Amino acid sequence: MTARTVFFLSDGTGITAEAFGNAILAQFDIAVRRVRLPFVDTTDKAHQAVRQINHTAELEGQRPLVFSTLVDRQGLDI
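I will try to describe carefully the structure that is included in this document. (Residues numbered from 1 in each chain as written. Predicted model: local features only at pLDDT ≥ 70, side-chain atom pairs only at ≥ 80, totals over all residues. Heavy atoms only, no water.)

You can see Gly21 is positioned in helix H1 (residues 15–25). Setting aside anything within four residues of it in sequence, one finds Gly21 in contact with Phe8 and Phe67. (Helix = DSSP H or I, 4+ residues; strand = E, 2+ residues; numbered from the N terminus. Contact = heavy atoms within 4.5 Å.)

Following this line, the structure appears as structure tokens:
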């Protein structure tokens, strides 16, 4: 069985995204290759994450799964 790549994106450490994703993945009998992308807290880092995810899709011939806990602070009234 080929492992499916799973990305966990976060503007923090990525622990919450990974815990959430792992809870969902436990419902399925699939092999996964986990990639955590923490501290995606700028537009440039977000674009780099998209490039990495798209590159992985091209290499593996299937779209990876993505779990994200990113926040757009500019859209918040804090």
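So, on to the pattern of salt bridges. What the rule picks out here adds up to 3 salt bridges. For Glu18, the salt bridge goes to Arg36, with nearest N and O atoms at 2.6 Å. Of this pair, Glu18 sits in helix H1 while Arg36 sits in strand S2 (residues 32–37), placing them 18 residues apart in sequence. When its relative accessible area of 15% is taken as the criterion, Glu18 is described as buried. Between Arg33 and Glu60 there is a salt bridge, with its nearest N and O atoms 3.7 Å apart. (Salt bridge = Lys/Arg side-chain N within 4 Å of Asp/Glu carboxyl O. Buried < 20%, exposed > 50% of the residue type's maximum accessible area, 1.4 Å probe, protein only.)

Turning to helix H2 (residues 43–60), a few remarks are in order. With 18 residues, H2 extends 26 Å from end C-alpha to end C-alpha; this agrees with the ideal 26 Å at 1.5 Å per step. All of the buried residues along H2 are Ala49, Ile53, Thr56 and Ala57. Buried residues of H2, seen end-on, are gathered within an arc of 100° and therefore sit on one face of the element. Exposed residues pointing more than 90 degrees away from the buried face of H2 are listed as Thr43, Asp44, Glu58 and Leu59. Looking one or two places after H2, you find Gly61, whose phi comes out positive at around 75°. (Expected span 1.5 Å × (residues − 1). Arc of directions from axis to C-beta.)

Right, let's get into H1. Those residues of H1 that fall on the buried side of the exposure criterion are Ala17, Glu18, Gly21 and Leu25. Buried residues in H1, looked at end-on, bunch into an arc of 95°, giving them a common side. Opposite the packed face of H1, turned more than 90 degrees from it, sit the exposed residues Ile15 and Thr16. Residues of H1 that are buried make contact with strand S1 (4–10), S2 and strand S3 (65–69).

Okay, the sheet that holds S2 next. Reading across from one edge, S2-S1-S3 is the order of the 3 strands in this open sheet, with parallel pairing throughout. Either end of the sheet is taken by a strand with one partner, and the two such strands are S2 and S3. Each adjacent strand pair in this sheet contributes to an overall mean axis angle of 15°, direction not counted. Relative to S3, S1 is paired through 5 bridges, and the arrangement is parallel. Its bridge partner being in S3, Leu9 is matched across the sheet by Ser68. Sheet contacts for H1: S1, S2 and S3; angle to S3, the most-contacted strand, approximately 135°. (Pairing = 2+ DSSP bridges. Axes fitted to C-alpha atoms, helices over the stretch in contact; angles between N-to-C directions.)

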